[in-house]
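Each chain, written out:
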Amino acid sequence: MKHLIDIMELSTQEIDSLIEIAEDIIADPGKYSEACHGKKLATLFFEPSTRTRLSFEAAMYELGGQVLGFSEASSSSAAKGESVSDTVRTVSCYADIIAMRHPKEGAPLVASRRDWVPIINAGDGGHFHPTQTLADLLTIHREKNTFENLTIGLCGDLKFGRTVHSLVSAMSRYAGVKFIFISPEELQIPDYIKTDVLDPKGIPYEEERSLERAMPKLDILYMTRVQRERFFNEEDYVRLKDTYILTPQKLKNAKPDLSILHPLPRVNEISVAVDDDPRACYFKQVLNGKFMRMALILKLLEVTV
Ligand code: CP
């Protein structure tokens, strides 16, 4: 493992190993507090972020390392026209590992091609978000103690939602998994996920417009935000943004052991009244993201504790 661009670069054994490290960090954080002493992480964020950037930074600090970087393209020389490749080559003179978010799909892959330092894709356009998937996987594993025989409902913007594409790909490798894709027609799951990921493995899926109809079947409900920044016209965004709003009322027919996930940020798609439901896992997911990013940094820097 040299870089992490797409979650599918990790085998299920490598995911198990990252989960094992994350669980060990959770059990004994002090053991890891100097693991990355003398190492530096650069966070290059050409797009806004709260969780991903700050959890990477918290992860590196908790490993005893240091952090540098920028949180918007306008404060870097990208604003003067510098290429991603030159930016990464420059930063690799100062840092041992880079986490990068970019609005252009494929930008982190391009940055990784020359192997200057390990590159972690922290989200590229509507494409992939592998470290969010690591957070999702640790959350599912902690809640369900397995990845097998789960019915997973994904609800909201399934077209542009990079976290959805990465999670479906990752979960498609486990036995007995079924998907229910709940979205408006305009935001349905891209065809390539069906033809390239699900159909070749014979994985069952349904496409559904009604969250209420799908609810009783679900073991996991993965809610997503309709992303204003991916729309070309405001009118379409306004028409679609509140299609699904999860409320306590809509959970009446849900299984008692349903797990509700959301990569966050949320806008309106989960009522705050759901936050106190024991089935709401989205803030646990935030914390799990930091532990999985710590495990990933250790792996990519080949640090053993
Ligand atoms: N889940 C996620 O990527 O959140 P941020 O955009 O705040 O990093």
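Structure: above.
Residues numbered from 1 in each chain as written. Predicted model: local features only at pLDDT ≥ 70, side-chain atom pairs only at ≥ 80, totals over all residues. Heavy atoms only, no water.

**Some remarks on the pairing of strand β2 (residues 66-70)**
Counted only if it meets this: Only when DSSP finds a minimum of two bridges between them are two strands counted as paired. The helix count covers DSSP runs of H or I at least four residues long, the strand count covers runs of E at least two residues long, and both are numbered beginning at the N terminus. Whether a crossover is right-handed comes down to one check: with the strands pointing away from the viewer, does the path from the first strand over the helix to the second run clockwise; if it does, it is right-handed.
Both strand β1 (residues 40-45) and β2 contribute to a ladder of five bridges, which runs parallel. Pairing of Ala42 across the sheet is with Leu68, part of β2. Handedness of the β-α-β unit built from β1, helix α2 (residues 51-62) and β2 comes out right-handed.

**A closer look at the packing of aromatic side chains**
Note the cut-off: Here a pair means two rings of Phe, Tyr or Trp (six-membered ring of Trp) with centres within 6.5 Å. Their orientation is stacked below 30 degrees between planes, edge-to-face above 60, and tilted elsewhere. Partly exposed describes any residue whose relative accessible area lies between the buried limit of under 20% and the exposed limit of over 50%, with all areas from a 1.4 Å probe on protein chains only and scaled to the type maximum.
Following the criterion strictly, the structure yields five aromatic pairs and no others. Ring geometry for Phe46 and Phe70: centres 5.2 Å apart, planes at 85 degrees, overall edge-to-face. Of this pair, Phe46 sits in the loop between β1 and α2 while Phe70 sits in strand β2, and the two are 24 residues apart along the sequence. On the accessibility criterion, Phe70 (13% relative accessible area) is buried. Between Phe179 and Phe181, the ring centres sit 5.8 Å apart and the planes meet at 5 degrees, which makes this aromatic pair stacked.

**Brief notes about the pairing of strand β4 (residues 119-124)**
Taking burial as the measure, the six residues of β4 include six buried ones, the bulk of the element. Across four bridges, the pairing between strand β3 (residues 97-102) and β4 is parallel. Bridge pairing links Ala99 to Ile120 in β4.

**Notes on the packing of helix α5 (residues 130-144) against helix α6 (residues 162-171)**
For clarity, the cut-off: Note on definitions: angles span 0 to 180 degrees between N-to-C directions of axes, and those axes are lines fitted to C-alpha atoms, for helices only across the stretch in contact. In these notes the angle categories are as follows: under 35 degrees is roughly parallel, over 145 is roughly antiparallel, 65 to 115 is roughly perpendicular, and the rest is oblique. By convention the crossing between two helices is left-handed if the near helix lies anticlockwise of the far one by an angle smaller than a right angle, and right-handed if it lies clockwise. Here, two residues are considered to be in contact whenever any of their heavy atoms come within 4.5 Å of each other. Residue classes follow a fixed rule: Ala, Val, Leu, Ile, Met, Phe, Trp, Tyr, Cys and Pro count as nonpolar, while Asp, Glu, Lys and Arg count as charged, and any other residue, Gly among them, counts as polar.
Between α5 and α6, the shortest axis-to-axis distance is 9 Å and the interhelical angle comes to 55 degrees. With respect to α6, the axis of α5 lies oblique. Like other packed secondary-structure pairs, α5 and α6 cross with a definite hand, here right-handed. Between α5 and α6, the residues in contact are Pro130, Gln132, Thr133, Asp136, Leu137 and Ile140 and Thr163, Ser166, Leu167, Ala170 and Met171, respectively. Residue composition of the contact of α5 with α6, by class: six nonpolar, four polar and one charged.

**With respect to empty space enclosed by the protein**
The test is simple: A cavity, in this analysis, means grid points on a 1 Å lattice covering only the protein atoms where a 1.4 Å probe fits yet has no way out; a pocket is instead an open set bounded by protein on both sides within 12 Å along at least five of seven lines, and a residue lines either one if it has an atom within 4 Å of a point. Grid points are joined across faces, edges and corners, and a volume is the space filled by probe spheres set on the points.
One pass over the structure, following the stated rule, counts one cavity of 30 Å³ or more. Quantified by volume, the largest cavity comes out at close to 60 Å³. Gly156, Pro184, Leu187, Thr224, Val226, Leu240, Lys241, Thr243, Tyr244 and Glu269 together form the lining of the largest cavity.

**Considering the packing of helix α1 (residues 12-27) against helix α10 (residues 282-300)**
Packing of α1 against α10 brings their axes to within 8 Å, and their N-to-C directions diverge by 115 degrees. When you trace α1 past α10, the crossing you get is right-handed. In contact with Ser17, Leu18, Ile19, Ile21, Ala22, Ile25 and Ile26 of α1, α10 contributes Phe291, Met292, Met294, Ala295, Leu296, Leu298 and Lys299.

**What about the site of the ligand?**
Note the following rule: Near is defined per residue: the residue qualifies when any heavy atom it owns lies within 4 Å of the molecule or strand. In protein, a polar contact means a hydrogen-donor-capable atom and an acceptor-capable atom, both N or O and within 3.5 Å, with residues adjacent in sequence counting only if both atoms are side-chain atoms; elsewhere, any N or O pair within 3.5 Å suffices. Each accessible area is a Shrake-Rupley result for a 1.4 Å probe, and residues are judged covered by the shown protein chains and nothing else. If over half the atoms of a molecule are within 2 Å of the grid points of a cavity or pocket, the molecule is regarded as sitting in it.
Neighbouring the ligand are Ser49, Thr50, Arg51, Thr52, Arg101, His129, Gln132, Pro263 and Leu264. Between the ligand and Arg51 there is a distance of 2.9 Å, counted from an oxygen atom to a side-chain nitrogen or oxygen. Here Leu264 contributes a backbone N or O atom positioned 2.9 Å from a nitrogen atom of the ligand. Contact with the protein chains removes 91% of the 260 Å² of surface that the ligand exposes when unbound. At a threshold of 2 Å from the grid points, most atoms of the ligand map onto the largest pocket. Grouping the constituent residues of the shell around the ligand by class yields two nonpolar, five polar and two charged.

**Some words on the sheet that holds β2**
The parallel open sheet is built from four strands, whose spatial order is β2-β1-β3-β4. Each edge of the sheet is formed by a strand with only one pairing partner; in this case those strands are β2 and β4. In this sheet, adjacent strand axes meet at a mean angle of 15 degrees when their direction is disregarded. On top of the sheet, α2 reaches β1, β2, β3 and β4; it is set at about 175 degrees to β1, its chief contact.

**A word on the sheet that holds strand β5 (residues 151-155)**
Reading across the sheet, the five strands line up as β7-β6-β5-β8-β9 and stay open at both edges, with parallel pairing between neighbours. Edge strands, defined here as strands with exactly one partner in the open sheet, are β7 (205-208) and β9 (259-261). Strand-to-strand, the axes of this sheet are offset by a mean angle of 15 degrees, without reference to chain direction. On top of the sheet, α6 reaches β5, β6 (178-182) and β8 (220-223); it is set at about 165 degrees to β5, its chief contact.

**Considerations on unusual backbone geometry**
Residues Leu264 and Pro265 are joined by a peptide bond in cis, for which omega reads 5 degrees. For Pro265, the position within the fold is in the loop between β9 and α10. One non-glycine residue with positive phi stands out, namely Asn149, at about 55 degrees. Turning to its location among the elements, Asn149 is positioned in the loop between α5 and β5.

The values are spatial; any link to function lies outside them.
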